[in-house]
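Next come the chains, spelled out residue by residue.
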Amino acid sequence: MTKLEISTKSEKPAEQWGNGLEFLFSCISLSVGLGNIWRFPYIAFQNGGGTFVIPYLIALLVIGRPVYYLEISLGQFTGRGVVKAFDIAPLLKGVAVGQVLATAASITYYSSIMALTLRFLVASFGSELPWSRCWESWGSDCHDGSALNSSGKMSPAQLYFEREILHEVPNIDNGVGLPNWQLVACLAVAWLIIGGVLIRGIKSSGKAAYFLGVFPYVVLLILLLRAVTLPGAIDGIIYFFKPQWSELLNPLVWYAAVTQVFFSLAICFGTLITYASYNNFNRNVYNDIVIITTMDSCSSIIAGCITFGILGNLARETGVTDIGSVVKGGAGLAFISYPEAIAKFEYVPQMFAVLFFLMLFVLGIGSTVGMGSCILRVVRDQFGPRSPPIWKLATGLAVIGFAVSIVYMTPGGQFILNLVDFYGVSFTALILAIGELVAVAWIYGVNRFCADIKFMMGIETGWYWRLCWRFITPGLMTAVLIYMLLDMSALEYKGVGYPILAHVFGCFLAALGLVQLPGWAFYAIYKQRRQTGSFWQSVRAACKPSDTWGPANVQLDGSI
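In this text the structure is predicted, and so the values were computed from the model without any measurement.

Asker: What should I look at first to understand the packing of helix 3 (residues 34-46) against helix 6 (residues 93-123) in this one?
Answerer: For any two helices packed against each other, one specifies the inter-axial angle together with the distance between the axes. At a minimum axis distance of 12 Å, the contact between helix 3 and helix 6 shows a crossing angle of 85 degrees. Judged by the inter-axis angle, helix 3 sits roughly perpendicular to helix 6. Contacts between helix 3 and helix 6 involve Leu34, Gly35 and Trp38 from the former and Tyr109, Tyr110 and Ile113 from the latter. Along the lines of polarity and charge, the residues of the contact of helix 3 with helix 6 split into five nonpolar, one polar and no charged.

Asker: Where do I start with the nonpolar core in this structure?
Answerer: A general trend in soluble globular proteins is that nonpolar side chains are found buried together. Core analysis: the largest hydrophobic core is formed by 191 residues, its most contacted members being Trp38, Phe262 and Trp469. Per element, the largest residue contribution to this core is 26 residues, and it comes from helix 16 (residues 413-457). Counting six residues, the second largest nonpolar core, distinct from the first, contains Ala521, Ala524, Val539 and Ala542.

Asker: Before we go on, may I ask you to explain a nonpolar patch on the surface in this structure?
Answerer: A cluster of nonpolar side chains, Val438, Trp442, Trp463, Leu467, Phe471 and Ile472, forms an exposed patch at the surface whose accessible area comes to about 650 Å². Breaking the nonpolar patch down by element, the ones donating at least two residues are helix 16 and helix 17 (463-486). Looking at the nonpolar patch, the element that brings in the most residues is helix 17, giving four residues. Inspection of the secondary structure assignment puts leucine 467 in helix 17.

Asker: What should I look at first to understand the state of the cysteines in this one?
Answerer: Covalent bonding between the sulfur atoms of two cysteines defines a disulfide. In total, this model carries one disulfide according to the counting rule given. The disulfide partner of cysteine 134 is cysteine 142, and the gap between their sulfur atoms is 2.0 Å. As the torsion about the S-S bond is roughly -75 degrees, the cysteine 134-cysteine 142 disulfide counts as left-handed. The class of cysteine 134 is partly exposed, set by a relative accessible area of 27%. On the basis of relative accessibility, which here comes to 8%, the residue cysteine 142 falls in the buried class. Considering cysteine sulfurs only, cysteine 374 is the nearest to cysteine 27, which forms no disulfide, with 13 Å between them.

Asker: What should I look at first to understand helix 20 (residues 535-543) in this one?
Answerer: Given 3.6 residues to a turn, an α-helix orients residues that are three or four positions apart in the same direction. Buried residues of helix 20: Ser538, Val539, Ala541 and Ala542, and no others. All buried residues of helix 20 fall inside an arc of 165 degrees around its axis, so they share one side. In this structure, helix 20 carries Trp536 and Arg540 as exposed residues pointing more than 90 degrees from its buried face. On its buried face, helix 20 sits against helix 19 (516-532).

Asker: How do you make sense of the layout of surface pockets when you look at a structure like this?
Answerer: Here the idea is plain: a probe the size of a water molecule rolls over the atoms and shows the empty space left. As a volume, the largest pocket reaches approximately 750 Å³. Taken together, 30 residues make up the lining of the largest pocket; nearest its centre are Gln46, Asn47, Leu252, Leu491 and Glu492. Those elements that provide at least two residues to the lining of the largest pocket are helix 3, helix 10 (251-265), helix 16 and strand 1 (492-493). When residues of the lining of the largest pocket are assigned to their parent elements, the largest contribution, five residues, is made by helix 10. Looking at the lining of the largest pocket, its residues break down into twelve nonpolar, 13 polar and five charged.

Asker: I'm lost on the UniProt feature "binding site: Na(+)" (unreviewed entry) in the protein chain in this one. Help?
Answerer: Mapped onto this structure's residue numbering, the UniProt feature "binding site: Na(+)" (unreviewed entry) falls at Val32, Asn36, Ser264, Leu363 and Ser367. A stretch of 336 residues holds the annotated residues, and the largest C-alpha distance among them is 12.0 Å, short enough that they meet in one place. Taking the relative accessible area as the measure of exposure, valine 32 reaches 4% and is therefore buried. With near-sequence residues (within four places) excluded, valine 32 lies in contact with Cys27, Tyr217, Ser264, Met295, Asp296, Ser299 and Leu363. The residue serine 264 is located in helix 10 in this model. Non-local contacts of serine 264, meaning those with residues more than four positions away in its chain, are made with Ser31, Val32, Gly35, Asn36, Tyr56, Asp296 and Ser300.

Asker: Please explain the side chain of serine 337 as it appears in this structure.
Answerer: Position of serine 337 among the secondary structure elements: in helix 13 (residues 334-343). Serine 337 sits in the buried class, given a relative accessible area of 0%. If we skip the residues at most four places from it in the chain, serine 337 touches Thr307 and Ile310.

Asker: In this structure, what is going on with the packing of helix 4 (residues 50-78) against helix 17? I would like to understand it.
Answerer: Here helix 4 crosses helix 17 at 125 degrees, and the two axes come no closer than 9 Å. With respect to their mutual orientation, helix 4 and helix 17 come out oblique. Once helix 4 is placed against helix 17, the crossing between them reads as left-handed. Note on element contacts: helix 17 touches helix 4 through Tyr464, Trp465, Cys468, Trp469, Ile472, Thr473, Leu476 and Met477, opposite Leu61, Val62, Ile63, Arg65, Pro66, Val67, Tyr69 and Leu70. Within the contact of helix 4 with helix 17, the residues separate by chemical class into 14 nonpolar, one polar and one charged.

Thresholds applied
- Residues numbered from 1 in each chain as written.
- Predicted model: local features only at pLDDT ≥ 70, side-chain atom pairs only at ≥ 80, totals over all residues.
- Heavy atoms only, no water.
- Axes fitted to C-alpha atoms, helices over the stretch in contact; angles between N-to-C directions.
- Helix = DSSP H or I, 4+ residues; strand = E, 2+ residues; numbered from the N terminus.
- Parallel < 35°, antiparallel > 145°, perpendicular 65-115°, else oblique.
- Contact = heavy atoms within 4.5 Å.
- Nonpolar A, V, L, I, M, F, W, Y, C, P; charged D, E, K, R; others polar.
- Core = buried A, V, L, I, M, F, W, Y, C linked by side-chain atoms within 4.5 Å.
- Buried < 20%, exposed > 50% of the residue type's maximum accessible area, 1.4 Å probe, protein only.
- Patch = residues over 30% accessible without salt bridge, like charges linked within 9 Å, V, L, I, M, F, W, Y side chains within 5 Å.
- Areas by Shrake-Rupley, 256 points an atom, 1.4 Å probe, with all protein chains shown as cover.
- Salt bridge = Lys/Arg side-chain N within 4 Å of Asp/Glu carboxyl O.
- Disulfide = S-S within 2.5 Å.
- Arc of directions from axis to C-beta.
- 1 Å grid on protein atoms, 1.4 Å probe; cavity = no way out; pocket = protein on both sides within 12 Å on 5 of 7 lines; lining within 4 Å.
- Points joined across faces, edges and corners; volume = space filled by probe spheres on them.
- UniProt positions renumbered as here; feature names shortened; annotations may be inferred.
- Left-handed = near helix turned anticlockwise from the far one by under 90°.

Shown next, in the form of structure tokens:
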């Protein structure tokens, strides 16, 4: 890239972060979000607690942090959304399109978690917390907090969530049922807020990020102090950190760890590239990367300690010796363990319940606004000056997102959430992440990319980053993918299988994301073949950066 070429790029976009702190806190609110507080505990629980933590920390160091640095640098250098950023290697532009589709799938079920959070928030304003005692309608299925005659029974928090909030069905062989109107109303409120923040643009969301990034930590620390003081909590925390060494060879545990890193840090979904595109071109983001990834991992560990401390307490109360079987897993685990701890607060538990669910909702805003910003930026980049105004795009996204998300508000909604999470997001994200590393590190080239970083930030890129981008990160992800495919079994939710039609729908979701890879590759080759004639010359030409590749936010001349 030469500075003479850079001078021909488009003019500086109107939207930018007000200052560096807005970018830092926005990334914190995006990365330290529902992926940490809601998703991490139940994924860790499903994969054996300590058995999962070790692969997770390894994946964080050799996959999460390097990919985070790569995406922030790529977005800041190009000043464009994720699809335009992949002008770096047109042959693999399908990676970016697939990531946007995965982001669209994610925002639908993240908004459904926000709806559940609002439902709990409303319930927290009562004279007593409704999950603090057994209801008569639950009969003998509820235990009263003592170990006597409580074997096989469920806690009030679990029963309240599954029977009073979800009205959950045992399977979806006969369909998912009709939506719950209370949850649909909460979902509508969630999307109104998401749409409202998106309409106000990146500057307003940057200002809100100061609160979105700090408030959750205050509530988390309060819950942590309470959780670790519960009887039996230490047993749960030991379970969380003590690995079953034989299970470390299970490829599905590593697959879960890698995909959880994607969710925790919000990498490989296009959101980070979008946020970085609003940065000042010369901002040195190296320290930001270290701060954000460290805070993210600490948040996940804190959330894990809270959840498993509460599970240890439940195990002691119910007389269950195996903490791994004290409750059924699933995406709703956070709506069982956290409320269980809050109900045990001696003084004004309602206040702490309100704080917790408000925190969870705030985290949801941070995550979903980032996803929505990514989708809207792609549309605006595609249409350029002819793009509709932001309020129309944001409104359209909110309406469509709300309509699609209603399916999660049904009695079988958690089955669908688990299905979409696996097929439409987790499975495709790993493959697309490998494609992203191939595009930047191999097709464009690590040395060229590091030269761009030096030109942009004035710093040299160390060997750790170079080795991870070129060999370690894509190699580990490929190995995990291969082993996972060889050892993959039929998807289940709480030990219950899915009907054939559900698997067909899941495969369609996965195919929709993955077909973008060959589809856009053939399109890029076709465009080049009209000029070169030879197939292999067209392939080589499609691997070169397009004419629009380069910084959009600077006007320079000369050469480097």
